Amino acid sequence: MKKVVLFSDGWKRMITYAWVDGMMQYITNSEEEIALYQYNCHGNWSLDEKHNHGEYNIYTLPDLSEFDGIILDCTNIIDRSHMDKLIAMIRRADKPTVSISQYIEGFYYTGIDNKKPIADMIDHLYHVHNCRRFIFAGGPKDNYENALRTASYLENIEKLGLSREDNPVWYGDYDFSTGLRYFEEFIKSFHGQDIVFPDVFVCVNDNIAAGICHQAQQYGYEIPRDFKVTGFDNLDKAAYFYPQITTVAHMRENIGNKTMEILADVWAGKDVAQTHFMPSVCYFSESCGCPNSGLLDYRQYAKDQVIAGVDKLNREEMLIKLESDIVKCANYDEVFEQIGGYFATLDCDGFAFVVDKRMYEGADESCFVKDGYDFDNLIVAYMAEGKKRIPISDISEFFKYCEERGAKTAYIFTPIHFREHAVGFSVLVNTRFLYDNPYLYDLHSTITKTLENLYKKLLLEVANKKLMDIYNRDQLTGLYNRIAYTEMIEPEYRKHCDHGRKCVLNFIDADNFKQINDTYGHEKGDLILKQIASVLRDKCPDEGYVYRYGGDEFIAFFPVDDDADIEKFRAEVMLALEKDDISVSIGLTTTDPLSDKTFDDYMKLADDEMYRIKAAKKARAQ
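The present account deals with the structure reproduced in this document. (Residues numbered from 1 in each chain as written. Predicted model: local features only at pLDDT ≥ 70, side-chain atom pairs only at ≥ 80, totals over all residues. Heavy atoms only, no water.)

What to know about the overall build of the protein
Spelled out, the test is: Only DSSP runs of H or I reaching four residues or more are called helices, and only runs of E reaching two or more are called strands; each is numbered from the N terminus. The size measure is the radius of gyration over C-alpha atoms, and the globule rule it meets is 2.2 Å times the number of residues to the 0.38 power. When accessible area is computed with a 1.4 Å probe and restricted to protein chains, residues below 20% of their type maximum are described as buried, those above 50% as exposed, and intermediate ones as partly exposed. Throughout, a residue-residue contact means that at least one pair of heavy atoms, one from each residue, lies within 4.5 Å.
In terms of regular secondary structure, the protein is built from 19 helices and 21 strands. A compact globule built from 622 residues should have a C-alpha radius of gyration of about 25 Å, whereas the protein, at 37 Å, is more than 25% larger. Taking the principal axes of its C-alpha atoms as reference, the protein extends roughly 125 × 65 × 50 Å. A burial count over the protein gives 52% of its 622 residues as buried. Summarising the internal contacts of the protein: among those between residues at least 6 apart in sequence, 72% fall at separations of at least 24.

Digging into the packing of helix α11 (residues 332–343) against helix α14 (residues 440–472)
Applicable threshold: Between the N-to-C directions of two axes lies an angle of 0 to 180 degrees, each axis being a line fitted to C-alpha atoms and, for a helix, fitted only over the stretch in contact. Angles below 35 degrees are treated as roughly parallel, those above 145 as roughly antiparallel, those between 65 and 115 as roughly perpendicular, and all remaining angles as oblique. Residues are grouped as follows: Ala, Val, Leu, Ile, Met, Phe, Trp, Tyr, Cys and Pro are nonpolar; Asp, Glu, Lys and Arg are charged; every other residue, Gly included, is polar.
Running from N to C, α11 and α14 cross one another at 170 degrees; their axes reach a closest spacing of 10 Å. Classified by the interaxial angle, the pair formed by α11 and α14 is roughly antiparallel. For the pair α11 and α14, the contacting residues are Tyr-332, Val-335, Phe-336, Ile-339, Tyr-342 and Phe-343 in the first and Leu-443, Ile-447, Thr-450, Leu-451, Leu-454, Tyr-455 and Leu-458 in the second. Of the residues belonging to the contact of α11 with α14, the class tally is 12 nonpolar, one polar and no charged.

A word on a nonpolar patch on the surface
Quick note on the threshold: Only residues whose relative accessible area exceeds 30% and that take part in no salt bridge are eligible for patches, with like-charged residues grouped when within 9 Å of each other and nonpolar side chains (Val, Leu, Ile, Met, Phe, Trp, Tyr) grouped when within 5 Å. Where accessible areas are quoted, they stem from the Shrake-Rupley method and a 1.4 Å probe; at the residue level, only the protein chains shown are allowed to cover. Each salt bridge in this description consists of a side-chain nitrogen of Lys or Arg and a carboxyl oxygen of Asp or Glu lying within 4 Å of one another.
A surface patch of nonpolar side chains, about 290 Å² in accessible area, is lined by Met-468, Tyr-471 and Ile-483. Structurally, Met-468 is set in helix α14.

A few points about the environment of Tyr-602
By the element assignment, Tyr-602 lies in helix α19 (residues 599–621). Each C-alpha atom of the pair Tyr-602 and Ala-268 lies 86 Å from the other, and the pair is 334 residues apart in sequence.

Some thoughts on the sheet that holds strand β14 (residues 378–385)
Let me state the cut-off plainly: Only when DSSP finds a minimum of two bridges between them are two strands counted as paired.
The 11 strands lie next to each other as β11-β5-β4-β3-β1-β2-β16-β17-β13-β14-β15, forming an open sheet whose pairing is mixed. Both outer strands of the open sheet, β11 (275–278) and β15 (388–389), are each paired with one neighbouring strand and no more. Taken together, the eight bridges between strand β16 (residues 409–418) and strand β17 (residues 421–429) define a ladder with antiparallel strand orientation. If you follow Ile-412 over to β17, its bridge partner there is Leu-428. Against the sheet, helix α2 (residues 49–56) makes contact with β1 (2–9), β2 (34–41) and β16, and its axis sits at roughly 150 degrees relative to β16, the strand it touches most. Sheet contacts for helix α3 (residues 80–93): β1, β3 (69–73) and β4 (97–100); angle to β3, the most-contacted strand, approximately 165 degrees.

Focus: the pairing of strand β13 (residues 350–356)
Summarising burial for β13: seven of the seven residues are buried, a large majority. Burial along β13 is two-sided: the residues Gly-350, Ala-352, Val-354 and Asp-356 and Phe-351, Phe-353 and Val-355 are all buried. Bridging between β13 and β14 involves seven bridges; their strand directions are antiparallel. Considered in β14, the bridge of Val-354 is made with Val-380. In this sheet, β17 lies alongside β13 in antiparallel orientation, the contact comprising six bridges. Paired with Val-354 across the strands is Phe-425, a residue of β17.

What to know about the packing of aromatic side chains
Applicable threshold: Under the pairing criterion, centres of Phe, Tyr and Trp rings, with the six-membered ring standing for Trp, must be within 6.5 Å; the plane angle then separates stacked pairs below 30 degrees from edge-to-face pairs above 60, leaving the rest tilted. Look at NZ for Lys and CZ for Arg. If either is within 6 Å of the ring centre and within 35 degrees of the ring normal, a charge sits over the ring.
Counted under the stated rule, the structure contains 45 aromatic pairs. A connected cluster of aromatic rings, assembled from ring pairs, spans Phe-7, Tyr-37, Tyr-39, Tyr-56, Tyr-59, Phe-67, Tyr-373, Tyr-411, Phe-413 and Phe-425. Positioned over the ring face of Phe-67 is Lys-3, at 4.6 Å from the centre of the ring. The lysine or arginine in question, Arg-482, covers the ring of Tyr-549, its NZ or CZ lying 3.8 Å from the ring centre.

Brief notes about helix α1 (residues 17–29)
The line we're drawing: Take the residue count of a helix, subtract one, and multiply by 1.5 Å to get its expected span.
Here α1 is 13 residues long and its end C-alpha atoms lie 18 Å apart, about the 18 Å a rise of 1.5 Å per residue gives. Among the residues of α1, those classed as buried are Tyr-17, Ala-18, Trp-19, Val-20, Gly-22, Met-23, Met-24, Tyr-26 and Ile-27.

A look at the sheet that holds strand β9 (residues 228–230)
In spatial order, the strands read β7-β6-β8-β9; together these four strands make up an open sheet with parallel pairing. Looking at the sheet topology across the chains shown, the edges are occupied by β7 (169–170) and β9.

Things to note about the environment of Tyr-455
Note that Tyr-455 resides in helix α14. Owing to a relative accessible area of 1%, Tyr-455 belongs among the buried residues under this scheme. Each C-alpha atom, one on Tyr-455 and one on Ser-81, is 30 Å from the other, the two residues being 374 residues apart in sequence. Beyond its immediate sequence surroundings of up to four residues, Tyr-455 is in contact with Tyr-332, Met-359, Gly-362, Ala-363, Asp-364, Glu-365, Phe-368 and Phe-418.

With respect to helix α16 (residues 513–520)
Which entries qualify depends on this criterion: Here the arc refers to the directions that run from the helix axis out to each C-beta atom.
When we look at burial in α16, the residues that qualify are Phe-513, Ile-516 and Asn-517. Seen end-on, α16 carries its buried residues on one side only, within an arc spanning 95 degrees. In this structure, α16 carries Lys-514, Gln-515, Asp-518 and Thr-519 as exposed residues pointing more than 90 degrees from its buried face. Buried residues along α16 sit against β18 (502–510) and α17 (522–539). Just beyond α16, the residue with positive phi is Gly-521, at close to 95 degrees.

Describing the pattern of salt bridges
This model, assessed by the stated rule, comprises 40 salt bridges. Where Arg-181 meets Glu-185, a salt bridge forms, and the shortest distance between an N and an O atom there is 3.3 Å. Of this pair, Arg-181 and Glu-185 both sit in helix α6 (residues 176–188), four residues apart, which is roughly one turn of that helix. Assessed through its relative accessible area of 34%, Arg-181 is described here as partly exposed. In this structure, Asp-538 and Lys-539 form a salt bridge, with 3.9 Å as the shortest nitrogen-oxygen distance. Each of the salt bridges in this network shares a partner with another, and the network as a whole consists of Asp-509, Asp-511, Lys-614 and Lys-617.

Concerning the nonpolar core
Our working rule: Grouping buried Ala, Val, Leu, Ile, Met, Phe, Trp, Tyr and Cys residues that are joined through side-chain atoms within 4.5 Å yields what is termed a nonpolar core.
With 104 residues, the main nonpolar core has Phe-134, Phe-201, Ile-212, Met-260 and Phe-343 as its most contacted residues. Ignoring sequence-local partners within four residues, the contact set of Ile-212 consists of Ala-137, Gly-179, Leu-180, Tyr-182, Phe-183, Phe-201, Cys-203, Phe-227 and Val-229. Formed by 41 residues, the second largest nonpolar core is a distinct cluster that contains Val-5, Ile-58, Ile-395 and Ala-422.

As for the side chain of Lys-614
Position of Lys-614 among the secondary structure elements: in helix α19. For Lys-614, a relative accessible area of 11% translates into the label buried. Apart from the residues within four sequence positions on either side, Lys-614 is in contact with Asp-509, Ala-510, Asp-511 and Ser-585.

What follows is the structure, encoded as structure tokens:
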């Protein structure tokens, strides 16, 4: 079986699933046994660099030596350092690699010829519509496709004898709001003077074109009467906009399909070209002054939009319910159960959550790695196929299971991280629902935030427990102190009484302790107290407790189920301390769960016996 890895970075909150859809079309129809492993993040979405680092860390998860081919979708990676790091890692792997829509030296390239459609667009606007003044409303300056389209624009206006100064290029983002901003800034640049529009705004994509058209209409302008607008990508917002927007059509699915075809030809030993351009075509329409294509079924589109709106509302309601349900969860396992139930309703074949087991312990955040993944501490917290739970917790078994599941499968790995700290990842199998519902980031962000809130709550509980432990511990011996004794002993006693169990109460007092302090000093006395505490702790049964009651006095308390064990503790303690020339007196009493005596009554009995033993020792010594 061949394994292919796909590295991708989502566009804003969306994932471009069309690539995967095209790849899976090829894989499904291929005689070759192929599985696709996608490692996707949204590293360009946040302004927090540490958060983005946590996102991009997912690229370190796969061992590229285990794969037969690599596909790279990096056009959305804004941070050049992450881009360079990923490319360097791929080069070291020395596997056949296909880059989507971005040419990288040494990799195969597939995408559309970004220059020719722009050239065709400029030619059409110049010769058919007599446009002489242009503005190129572009996208991010460092984006590869934007750079190609910009370069083609500049080359072609110069071929027409037009100057760059009079036909400028704008740089911004790729979204609808960029178009709104472009137009708003253009209007304001005239400072109240008469506005002189270009003949056409040539937009790098349909989002920007639609934004410019919309904002112009808010000011009362009409397109194409006052100026023309063109787009690129042939999105629905271009085809069904009013006016219908002139655009460039290309199929992302075809590009995804081509990436797999290239790898298959390489595997077969064929002579494969370095670059592969998928066909694209200009659709000239109303926004540039051409007639409506007339090929659109508006009623069908309206129907589809209604259905899509209902589906979207249902998904949002389900997500809101999921958020409400997981907020109520008391621990991680409950969260994973709720999320598992949610994923089971979606069109995907399976899902898993892999996390660092130290999350469950409330370990300090500093223990989590920032680069790579700590496989020694990763566990499969939840795994299912459909609604069936898969009983796997070992990470090695998980990857083995994925291998055995076989070909024709697409996995998508998404990072789980607390800012820059890597704490795990999620895995979805054959996520067909992402084609129509690409907002994976929203769902995954909800999951991650819930896990992080639970983690912070657990951290607080652990910190409080540590503080309470400090509060309840004797600093010299490390035993529970008298405060802890007061809070703990009565509930423990009652618990054992309720279960009909006898308990042994030992009251221990060091012999001649004042004399030792006076003769040898308090340092020697402290060493003796520590030794007594160590022996008491060591000899006390697992269910028991040892307290430093005060000064040189100690209490040991534990349940017994066999009367033969009642005297065992006292005898063992005495013997162990005698080896170090330490003498103690131990008063002992046994509780009766059927008696009406209080714990204080038993305490007095043990105390009294201890004093009788101590008095007898003094009498013998005289």
